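This is what each chain is made of:
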Amino acid sequence: ASSGEFLLFHKTTFKNRALSLSYMVRTMEGKHPGYYEAILQLRHPTELVLDFVYAEIERKKIHITKEEKEKNGFDIYLADGPFTRDLGHRLQTKFGGEYLVTAKLYGNKDGRDLYRLTILFRQAHFAKNDLITYRDNTYIVKTLDKEIILQEEKTGKKLRIKYKEMNAIRKTDN
C-alpha cells in the first residue's frame, strides 16, 4: 500500500483527521526524500493508540518517509531514531503491550557504524482490571508496563509474566 492509500485510510477511519507530511519535517536538509532512521511497527493498535502516535509525531514535527498498511497493523518509517525508540517505550507504558527494539547495520560514516532501528509495539488484547484466564487460573490484570502483573482472583497472589506470553492470556466473558 502506498502512503497515500494509508493516509486516505487514516482519514476515513479515524475522525477524518488529515495529516500534513510537509508540516512534520524537523529537518531533512541534505537528506534524500526516502531517508529514515527507524520503522515503528504498530500491531493490533486501537484508534486511541493511532491518535496518540500521530499527535506525538505532529507535535515533534518528525518527518514521515513512508507508511504501509500491514496485515495486523501499520509500519511508519520515521526520520528520527531516538524519537521513535522513546515513542515505542511510551506506548508500552501508556497502553500496555509488547515493546521490542532491533537494530540493523546499514552503513558507516566517519568510521562509525550507522544503524536503522525497528521498533515493534504489539498492543495487548486486554486492559488493566480485565478478568482473564492464564494457565487454567482466573486473574485480574493489575498492571501493564514492562511486564504484566496479574492477581489471582481466589487467593490474591500476584504473578508477573512477560509480554512474550501475552498470547496465552484469554479474556473471560465476565
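Above this note sits the structure.
First things first, this report covers the structure right here in the doc. (Residues numbered from 1 in each chain as written. Predicted model: local features only at pLDDT ≥ 70, side-chain atom pairs only at ≥ 80, totals over all residues. Heavy atoms only, no water.)

Another aspect to go through is the packing of aromatic side chains. Evaluation of the coordinates by the stated rule reveals three aromatic pairs. Arranged with centres 4.9 Å apart and planes meeting at 85 degrees, the rings of Tyr36 and Tyr77 form a pair that is edge-to-face. One end of the pair, Tyr36, is in the loop between α1 (3-13) and β1 (38-43); the other, Tyr77, is in strand β3 (residues 73-78), with 41 residues separating them in the sequence. Accessibility assignment for this pair places Tyr36 and Tyr77 in one class, buried. Here the guanidinium or amino end of Arg116 rests over the ring plane of Tyr36, the centre of that ring lying 3.9 Å away. Positioned above the aromatic ring of Tyr106 is the side chain of Arg116, whose terminal nitrogen or guanidinium carbon lies 4.3 Å from the ring centre. (Phe/Tyr/Trp six-rings, centres within 6.5 Å; stacked < 30°, edge-to-face > 60°. Helix = DSSP H or I, 4+ residues; strand = E, 2+ residues; numbered from the N terminus. Buried < 20%, exposed > 50% of the residue type's maximum accessible area, 1.4 Å probe, protein only. Lys NZ or Arg CZ within 6 Å of the ring centre and 35° of its normal.)

Turning next to the nonpolar core. Counting residues in hydrophobic clusters, the biggest one holds 21 residues, and the most contacted among them are Leu40, Leu42, Val53, Ile57, Ile76, Leu78 and Leu91. For this core, the secondary-structure elements that each account for two or more residues are β1, α2 (47-60), β3, α3 (81-95) and β5 (112-123). In terms of nonpolar packing, the next biggest core, distinct from the first, is built from 13 residues, Ala124, Phe126, Val141 and Ile169 among them. (Core = buried A, V, L, I, M, F, W, Y, C linked by side-chain atoms within 4.5 Å.)

The end-to-end C-alpha distance of α3 is 21 Å, a good match for the 21 Å that 15 residues give at a rise of 1.5 Å each. For α3, the full list of buried residues reads Gly81, Phe83, Thr84, Leu87, Gly88, Leu91, Gln92 and Phe95. Lining the buried residues of α3 we find β1, α2, β3, β4 (97-109), β5 and β7 (137-144). Where α3 begins, one side-chain oxygen reaches toward the backbone nitrogen of Phe83, 3.0 Å away; that side chain belongs to Asp80. Gly96, located one to two residues past α3, shows a positive phi value of around 80 degrees. (Expected span 1.5 Å × (residues − 1). Contact = heavy atoms within 4.5 Å. Polar contact = N/O pair within 3.5 Å; in protein donor to acceptor, adjacent residues only side chain to side chain.)

The next thing to look at is the pairing of strand β6 (residues 131-134). Strand direction decides the pairing type here: β6 and β7, joined by four bridges, are antiparallel. Within β7, the position partnered with Tyr134 by the bridge is Asn137. Hairpin connection of β6 to β7: two residues between the antiparallel strands, including Arg135 at a positive phi of 55 degrees. Looking at chain direction, β6 and strand β10 (residues 170-171) are connected through two bridges and run antiparallel. By the bridge assignment, Thr133 is partnered in β10 with Arg170. (Pairing = 2+ DSSP bridges.)

This paragraph deals with α2. The terminal C-alpha atoms of α2, which comprises 14 residues, lie 20 Å apart, in line with the 20 Å expected from a rise of 1.5 Å per residue. Turning to α2, its buried residues number three or more, namely Val49, Leu50, Asp51, Phe52, Val53, Tyr54, Glu56 and Ile57. Looking one or two places after α2, you find Lys61, whose phi comes out positive at around 55 degrees.

Nothing here speaks to function; it is all geometry.
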